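Single-letter residue listing:
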Amino acid sequence: MLIYTYDNSLEGLLCCIFEAYTRKEQPDNIACEQGLQYQLEQVLYPVVTTDEHWQRVRNGIHKKLGRLAWQKIRACYCATDADKEMLIYRYLRQGFARGRVALDDISHPDILPIEELYRSVGMEQQRMIMFARFAKIESGDPRGIYCATINPKHSVLPLVMDHFSARFNVQPFVVYDEVHQLAGLSENGQWILSSAEDIQLPKISSDDEEYQNLWKSFYDAVCIPERINEKRRQAFMPKRLWKHLPEMRP
Amino acid sequence: MNTEQKLEILTGAAKYDAACTSSGVNRSALPGLLGNACSGGICHSFSADGRCIALLKVLMSNDCTYNCAYCTNRISKDQPRTSFEPRELADLVIEFYRRNYIEGLFLSSGVVVNPDYATARMVAALSILRNDYGFNGYIHAKGIPGTSPEIVSQLGHLVDRLSINIELPSSTSLNQLAPDKNPSSIFAPMSQIRDSIGESRQNLLEWKNRRESRKDSLSLSRKDDSLALKLAAGCSTCEVQGTCTGLDDCMPAQRKLGRPSRFAPAGQATQMIIGASPENDYQILKTSANLYAQFNMKRVFYSAYVPVGDNQIIQRNSSLAESDGSVPLVREHRLYQSDWLLRFYNFSVDELLSPEAPHLDPLLDPKCLWALRNLDRFPLEVNRASADELIRVPGIGPTGAQKIVRARRSGALDFDALAALRIVLKRAQWFITAKGKYRDGLKFEHQAIYQGLTSDEARKRSFREVRKLEQASKQLVLF
């Protein structure tokens, strides 16, 4: 059983695909270097991430399969699914073999999983854009510094930072993903990603609570009591996200 | 009264307005300005009634001098009255927006003193937001019938969407229930808004062409171009002087680019209250179709009437109401479904309903209803039918039709493949064949299809007799 190992980055995964083509072989699995349990029948091939290699694969995707395909792969890589590497690998194999028409064959067993995953990651990305709630933290900055904590199912932080950085370019802010221990930091429309293990979140400023309360007042007042529909609310706003929503506090 | 109390009262007064969408315009973020707008719209929360919250939906004031029977803010109702100060409201919007609570503001107002006065107060608040605070997010404002054209024009240049509520589906009902409003005071600003939007589009187009040709002849870069425009006289409040024409009628984002200011770029919308007056669904949809055709409406919203205090006129008129006088939400829902069929599926009102059968079926969505009446067109072979034919199949929409057309290029589709494409087979299965075969175990026969389609709905609600009074109501039409 042939297993490619890589450095747990999208670039690394693209290099695995490059290797599979140049070595003319089909890996049985692609796995992350860290935390891999070696088993007797496995043949490991560690793939080294090389800029030239992943750029060639990325350019190939752009040219042969189009921007949307690249966007799908970028999004699916953010998924938490354990076998996302092989799904992406098989998707690209199909695409490179048969061209764009293969990617339209949505019911094909190599194409469908990526379509589903893309939908799922896209939903989560959208939910974070909708439900991330910022609070002002204590700081000396006259612009105010804002902080949001999110708990997404997939690691979508890199997919939402563009949106927030553009929209909130007048205020420096942090988005902290407590599930995947990542933080996105943004100032003046630029952002960077940083790993954030065991970080201490800064203190929320005292006047922020006032706005949280005002927001909750609005939220409660805008409901039409004759039409309470709990099922519908939870369908759109899953309960797992409530803990970071000021309006859902008791 | 403090801000929190005002917020509660003025939200409660605005909540029956159905529209809360933040869609229709793409405005990218600009350095130094707070916010942007996405044409798809973004919701930020969902209230306990399951409705989306995208915008801060409040009234500027609920101190209304009108006495519209269906309205919770009518003068005859005894309740606390209050108003926001323009700056107080603007601050609230900014603080909420910065925290990602909202996508922008949806501002409406009771008729304080008179329409001009009330609208001018809204203009004051929006002007602080746009001009003082550089707010670049979404704003939807409600115009008040009877406002003078100059003030409507100011308002239109500050907002993304501007709407005047038509309120009721016929002028007879309007006269009866909203004695202070009349059709012409509603249609005049609607026409003005339509024309201003057209003009502003035209201006933008010309500006773009001018810029292109200037670029060609002088080979100016975009940066130089905006520098050149800065030299043109602009209004004194502009950070960067542009080509804007006055104090209140330009958005900061547009100013920065030196573009002509735009009038309600996300278009015009309106709202109709359903069930407070006796019009049937056919008449309501006819009115909608006319509104779309005559005023280029982006949306017509339907708001199922909720009884707000005891009011005899309303009680007497509601023929399709629940026992407490409210209108079943399913009626509103069916109207929205039909509205979508009109706008995105190329249906006409007369295909869906007729004066003889003027009501939508609470158990069956309008597309199924149409398909059942036109069984001679079905079943359709999914591997051969055109996209136009496919979108008329219940359970298949524009997206589904697209997917089918794309997927069948790589080989004929069967029912499993359709399921993988996430086609709603529950409905579609009755109207299609795949690879020439009708689905196993189903019978292509009117009675069987009707039962198959309605069994779920019938189980969900005990089918009360909703169609109690179907008096042949006179054709009450506005147009």
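It should be emphasised that the depicted structure is a prediction, and the values quoted were computed from it without experimental measurement.

Draft legend 1. Expanded view of unusual backbone geometry. Residue and element names in this part refer to chain B. Cis geometry marks the peptide bond from Phe378 to Pro379, where omega comes out at -5°. With respect to the helices, strands and loops of the structure, Pro379 is situated in the loop between helix 13 (366-373) and strand 9 (380-381). Even without glycine at this site, Asn100 takes up a positive phi of about 60°. Take Asn100: it is sitting in the loop between helix 2 (86-98) and strand 4 (104-108). The backbone of Arg422 shows a phi angle near 65°, a positive value even though the residue is not glycine. One can find Arg422 in the loop between helix 16 (415-420) and helix 17 (425-428).

Draft legend 2. The nonpolar core, seen in detail. Within the largest apolar cluster, 201 residues are counted, with the highest numbers of intra-cluster contacts made by Ile61 of chain A together with Leu56, Phe96, Leu126 and Leu418 of chain B. A per-element tally of this core places helix 1 (residues 10-22) of chain A first, with eight residues. When residues of this core are sorted by domain, at least three fall in each of domain 1 (2-124) and domain 2 (132-248) of chain A. If we ignore the near neighbours within four places in the chain, the residues touching Leu56 of chain B are Phe218 of chain A together with Leu7, Leu89, Val93, Phe96, Ile102, Gly104, Leu105 and Phe106 of chain B.

Draft legend 3. Fine view of the side chain of Thr5 of chain A. Residues and elements named next belong to chain A. For Thr5, the location among the structural elements is in strand 1 (residues 2-6). Among the residues examined, Thr5 registers a relative accessible area of 5% and is labelled buried. The contact partners of Thr5, leaving out residues within four places of it in the chain, are Cys16, Ala31, Glu33, Leu36, Leu44, Tyr45, Pro46 and Val47.

Draft legend 4. Representation of the domain arrangement of chain A within the structure. Residues and elements named next belong to chain A. What the domain assignment reports for chain A is domain 1 (2-124) and domain 2 (132-248). Counting residues at the interface gives nine residues for domain 1, matched by nine residues for domain 2. Of the roughly 800 Å² buried between domain 1 and domain 2, counting both surfaces, carbon and sulfur atoms make up 56%. The largest per-residue losses of area from domain 1 upon contact with domain 2 belong to Cys78, Thr80 and Glu124, which jointly make up 65% of the total buried on that side. Counting every contact that joins domain 1 to domain 2 gives one salt bridge.

Draft legend 5. Broad picture of the pattern of salt bridges. All names here are of chain A. Counted by the stated rule, this structure contains 32 salt bridges over all chains. Residues Lys72 and Glu115 are paired through a salt bridge, measuring 2.8 Å at the closest nitrogen-oxygen approach. Of this pair, Lys72 sits in helix 3 (residues 67-77) while Glu115 sits in helix 6 (residues 112-131); the two residues are 43 residues apart in sequence, bridging distant segments of the chain. Pair check on accessibility: Lys72 and Glu115 agree, each one buried.

Thresholds, definitions, all that
- Position numbers for residues start from 1 in each chain and track the written sequence from start to end.
- Each chain takes a letter, starting from A, and each ligand takes a number, starting from 1, following the order in which they are written.
- With pLDDT at 70 or above as the cut-off, local features in this predicted model cover only qualifying residues; side-chain atom pairs require 80 or more to be listed or tallied, and sums for whole chains, interfaces and linings still use all residues.
- The side-chain numbers reported here are obtained from all heavy atoms of the structure, hydrogens and water having been left aside.
- The helix count covers DSSP runs of H or I at least four residues long, the strand count covers runs of E at least two residues long, and both are numbered beginning at the N terminus.
- We define the nonpolar core as a collection of buried residues of types Ala, Val, Leu, Ile, Met, Phe, Trp, Tyr and Cys that are connected through side-chain atoms lying within 4.5 Å of one another.
- Relative accessible area decides the class of each residue, using a 1.4 Å probe on protein chains only: under 20% of the type maximum gives buried, over 50% gives exposed, and in between gives partly exposed.
- Just so you know, the domain bounds were taken from an automatic or database domain assignment.
- Two residues form a contact once any of their heavy atoms are found within 4.5 Å.
- Here the buried area means the combined drop in accessible surface, using a 1.4 Å probe, for two parts upon being joined, counting both sides.
- By definition here, a salt bridge exists when the distance from a side-chain nitrogen of Lys or Arg to a carboxyl oxygen of Asp or Glu is within 4 Å.

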